[in-house]
Amino acid sequence: VQLQASGGGLVQPGGSLRLSCVASGDIYSINVMGWYRQAPGKQRELVADITVGGSTNYGDSVKGRFTISRDNPRSAVYLQMNNLEPEDTAVYYCKGTHRVSRYEYWGQGTQVTVSS
């Protein structure tokens, strides 16, 4: 399984961005897909994840501002980020979890910078 993330960039506080992650390979082995982020000097943290059935889970700091969605036929997961804050600045990573082995597949990171 390979994960390709895109959509990062520079945005002003209060702005919006949409991240995309497309999976290829043995996509039917993936159950949960999600987004994590890592800011300089900090540990990687959960942003949001979503099961193949559509159940979602969000990190406390993004609840009400970010929305995760999934397009199963396209093997894609999206993260709509609204009302961005400077504290959201980080490298965002897409992750897929194998439905049986729980093995974690990671995509390359995409930089999100929130600054005026």
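Before going into details, it helps to say that this report is about the structure given with it. (Residues numbered from 1 in each chain as written. Predicted model: local features only at pLDDT ≥ 70, side-chain atom pairs only at ≥ 80, totals over all residues. Heavy atoms only, no water.)

## Here we look at the environment of Met81
Here is step 1 of the chain: Examined against the element boundaries, Met81 turns out to sit in strand β8 (residues 76–81).
Here is step 2 of the chain: Judged by its relative accessible area of 0%, Met81 falls in the buried class.
Here is step 3 of the chain: Between the C-alpha atoms of Met81 and Gly107, which are 26 residues apart in sequence, the distance is 19 Å.
Here is step 4 of the chain: Beyond its immediate sequence surroundings of up to four residues, Met81 is in contact with Gly15, Ser16, Leu17, Leu19, Arg65, Phe66, Tyr92 and Val112. (Helix = DSSP H or I, 4+ residues; strand = E, 2+ residues; numbered from the N terminus. Buried < 20%, exposed > 50% of the residue type's maximum accessible area, 1.4 Å probe, protein only. Contact = heavy atoms within 4.5 Å.)

## Considering the pattern of salt bridges
Here is step 1 of the chain: Taken as a whole, this structure holds seven salt bridges when the rule is applied.
Here is step 2 of the chain: Between Asp88 and Arg65 there is a salt bridge, and its shortest N-O distance comes to 2.7 Å. Of this pair, Asp88 sits in the loop between β8 and β9 (90–98) while Arg65 sits in the loop between β6 (56–58) and β7 (66–71), placing them 23 residues apart in sequence. Accessibility assignment for this pair places Asp88 and Arg65 in one class, buried. (Salt bridge = Lys/Arg side-chain N within 4 Å of Asp/Glu carboxyl O.)

## Structural notes on the pairing of β8
Here is step 1 of the chain: For β8, a buried count of five out of six residues is recorded, marking the element as mostly surrounded by other parts of the structure.
Here is step 2 of the chain: As paired elements, strand β3 (residues 17–24) and β8 share six bridges and run antiparallel to each other. Residue pairing across strands places Cys21 opposite Val77, the latter belonging to β8.
Here is step 3 of the chain: Bridge analysis of β7 against β8 gives six bridges, and the strand direction is antiparallel. By the bridge assignment, Thr67 is partnered in β8 with Gln80. (Pairing = 2+ DSSP bridges.)

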